[in-house]
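If you want the building blocks of each chain, they are given just below.
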Amino acid sequence: MVISYVRRAYSSFAAHVFDIPPRLMAFMFFLILLFLPLAGISSSKMSVLIYANIFAIFAVSWDLLVGRTGQISLGHALLFGIGGYSSALLFKYYGLPTWITIPAAMLFSILVSLLIGFPCLRVKGPYLALVTMAVPLIIQLTFKWGPLYSIFGGDTGIRDLPRFFDLILIREQRISVYYLTLLLLFISSVIIYKIANSKTGIVFISILDDEVASKACGINITKYKLMSFVISGLFASLAGCIHAHVLEGVDPSMFSLTISFFAVIMTFLGGIGTIYGPIVGSYIYSVLDSFVLPELPKLLERFNVDITSAFESAKLLIFTLIVLILVIKWPRGVARFTTDKLKDLEEARDLDERGPRIWKTYKKKKK
Amino acid sequence: MLTIHLLEVEGLTKRFGGLTAVNDVSLQIEEGEMVGLIGPNGAGKTTLFNLLTGFIKPDSGTIKFEGEDIVGLAPHNIVNKGIARTFQVVRPFRHLPIIANVMVALKSPRGAQKIEWLKTMERKAADLLEDVGLSELALEPAENVGHGDLKRLEVAKALATEPDLLMLDEPFGGLNPLETDFLTKSITRMHLDEPSRAILIVEHKLYALMKIVKRVIVLHQGEKIAEGKPEEIAKNKKVIEVYMGKGTHYA
Amino acid sequence: MLIEEIILFGAISGGVYALLALGFTLIYGISGITNLAHGSFYMLGAYMFHILGFRLLGSDTPVSTSFVVLILAALIVGIIGSVAYRLAIHPVLGDEVAVMVVTVCLALIFQQLVLLIVGLTFRDPTPSVKWPPGSFLTTSTNILGVNLENSKILAFAVSLGLFGCLLVFISKTKIGKAMKAVSQDREIAMLMGINTKRLYMLTMALSASLAAIAGILITTSTTYSALAPMWRYPLALSFSIVILGGLGSIKGSLIGGFIIGYAEQTVANTVPQGGAIVGVVPLIVMVLVLLLKPKGLFGKRIEMEE
């Protein structure tokens, strides 16, 4: 009973629980987010939401690759870090403003995605997962190398990057950053959503479902896998750039497995394959991580139990356990071809009077 | 006069470890021919299919399609050259609705190219579904659809690329007599609509197959043991032996 | 001096790396599982050695007991491995993507659990992992003009010895032959009556134990301490060696291990501050192999997507 409710909540979020089309639900969600700051949230809490937005972009991009195309990348942080560092380096060496460095960094990420994706995706096997897991790890290690210190700044990274946008719309700087990240999240997720539900997205799902059958339909699956990987990386690097300029710094932890794992956590919390799910997941994670869970040690303090030292480790452990249980119970989640797109097909604009009679009978039957 | 066969296979051999699945098989298929491929289980029919469509590489032999050597080409490239196949065990895209299943094939280079001017992909997909009688189920997710309908979906997907050679792997498998009859009629109609398209059918249900095809090739243990008109094959002693076991007479 | 160092240290690295990669290639070849928690067993081995050796027995045990501790630690990690398999991996066995997500979750869970337990019980977050002081293992021998710690020589000898034992195990024992059969054709093996579920659990235990031993050997001869996130680089190494040698090939992990061991040592000794940049070796090898010969040196049938 509880499990089936949770299951329904985690699968097609709105469509099952509230019987509202996912698209409308997502739109309503964005509306809530839009008016959230007006509810009077403190600056520190606003920071949490800003990072929720950034990681939502990150997670949504991961979902396109894994949830819709079935290619697993365990090093999404690689592109996150490359985005951030590229933008930082362009600023450091050429003093370029963010509106140049960020698109440039994103373009560079396309190159990196192709370089990494091509060898891995053209061969059958777990290679993408292995390589994407190893590369950021090794980059992190390599940053400790002496000769590179002056360029990359070693463990401290590069600091004092320009603010994302020096717009002071409201007295509270944080609020404008929040709205900016929200806007970028909205745009990114709409783009990814549109791609996922386009004809190309249909091909992605065919690869997810049955590569052999897809090949038998004449599809060059390597090409599409690469496409998915590149698009996914593009938005991950965007998230990295935003992160760099909100935090006003970059450091090797941007490449960490923990960050890559955020994408996994958020996507599974929200519903893999849904595209809007990871956004919800990001918020759930951020709220839990920053607001709910910290209450626990405070609560336990009243009983004289001090777990602050172990607390950070415990938090990640809890989330990882949750993901583990989710994956074991519902391994393939839902890569549902959203019900909205089906309605679009039904109302295909090409139907003229002499269109296939079958369509008309079908439409009549549906009503 | 030199004729270029639509499909020309010479000395095709494939071994899996110690087992020779296909042994020195040669055959030709002409434009517009309806050919049947039969043989008891394990005769190598599906292996032959996989070889012809590029899913496995032969150990030796040649395969020429429309005069061009296609050995070594990737499966999707072979599809785009004009050979399409269905699978014996249906392989639908579970998460996609029926019409989207067909649209995948229409997104391939050949599929997209073959869409008539001013027709949208959705419309072409709808037409293809109508051809196989699946229009009712167009928006149904494939995972909810019954086996018989999925068999027809396989055919629709294969037809989407308008192949010059259509290869059907046990299209009647698991169909009830009504469905079999409908599919037989569909295939016959298909052939009339597109006389230049050759169809190669692997099938166990011989009564259905023999009605459609003009020529039959018989495989046994990886070798071609007979070839000819359906009536001839039905009376061929070797073929009967192979199917019924030695020592049986067709009374 | 430099050449001899590279030759000797390369050999030693090669030997232990081969052992490390062996576990990974075994579990992949036999059950098709990409165990991303392989590095975790390496880490757990080191911690177990410390807990059993120092905590339970005290730091002044004789060397022979230390060997027993090593075996015990390996066994315990093996059990952890097969339990983890049974609980987490087995339910999702058909789905490669799910298996990978599960194993990476396991890797993180092990890391966090170790951090938690170590944080709550020990005062020292990076406990020392070494052979008992005063034994011959803490001294060095001079070979070819290079001062080699005996612990390193031991690591080399044990690794190769174990590798050899495993080869014998696979070819001579019933279980070993069953493993070989399953790695070649799962369905036929099942038809022959081999219980794949139990076999996989056993393989997992074996794989984890090997990783644990590799962890102990490497830690006792190089870093001398354990660190919860230390599983990451060994994992990357395992990937690289196995891709180079061929996924599923035992011979491949031996040769691959040595090639990468030598490559690493060469970089470490020739490039200024090479120790830090050594990580690019496995990375470059991975990418090169995938570009030039994805099958690896001795890989089995591999399908190109194109």
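So, how was this worked out
- Residues numbered from 1 in each chain as written.
- Chains lettered and ligands numbered in written order.
- Predicted model: local features only at pLDDT ≥ 70, side-chain atom pairs only at ≥ 80, totals over all residues.
- Buried ≥ 20, exposed ≤ 12 C-beta atoms within 10 Å, placed from the backbone.
- Helix = DSSP H or I, 4+ residues; strand = E, 2+ residues; numbered from the N terminus.
- Pairing = 2+ DSSP bridges.
- Axes fitted to C-alpha atoms, helices over the stretch in contact; angles between N-to-C directions.
- Parallel < 35°, antiparallel > 145°, perpendicular 65-115°, else oblique.
- Left-handed = near helix turned anticlockwise from the far one by under 90°.
- Contact = placed C-beta atoms within 7 Å.
- Nonpolar A, V, L, I, M, F, W, Y, C, P; charged D, E, K, R; others polar.

Residue-level account of the pairing of strand β8 (residues 198–202) of chain B, with values.
All names here are of chain B. In terms of residue burial, β8 counts as a mostly covered element, since five of its five residues are buried. Side chains A198, L200 and V202 of β8 all project onto a buried face; the interleaved residues I199 and I201 project onto the opposite face, where all are buried too. By the bridge criterion, four bridges tie strand β3 (residues 34–38) to β8 in an arrangement that is parallel. Within β8, the residue paired with L37 across the bridge is V202. Where strand β7 (residues 165–169) lies against β8, five bridges are found, and the strand directions are parallel.

Which residues make up the packing of helix α7 (residues 127–142) of chain A against helix α9 (residues 232–245) of chain C, and what are the values?
Where α7 of chain A contacts α9 of chain C, the two axes come as close as 9 Å, and the packing angle between them is 130°. On the basis of their axis angle, the class for α7 of chain A and α9 of chain C is oblique. The chirality of how α7 of chain A crosses α9 of chain C is left-handed. On α9 of chain C, the residues that touch L130, A134, L137, I138 and L141 of chain A of α7 of chain A are R232, Y233, A236, F239 and I243 of chain C. Grouping the constituent residues of the contact of α7 of chain A with α9 of chain C by class yields nine nonpolar, no polar and one charged.

How would you summarise the interface of chain A and chain B if you had to cite specific residues and measurements?
Residue-level contacts link 28 residues of chain A with 34 residues of chain B. For the side of chain A that touches chain B, the secondary-structure elements that each account for two or more residues are α10 (199–209), α11 (211–216), α17 (339–346) and α18 (357–366) of chain A. Among the residues forming the side of chain A that touches chain B, the class breakdown is 17 nonpolar, four polar and seven charged.

Now, about the interface of chain C and chain A: what can you tell me, with residues and values included?
One frequently used descriptor of interface size is the decrease in accessible area upon assembly of the parts. Between chain C and chain A, the contact holds 46 residues from the first and 44 residues from the second. It is helix α4 (residues 96–121) of chain C that contributes the most residues to the side of chain C that touches chain A, 16 residues altogether.

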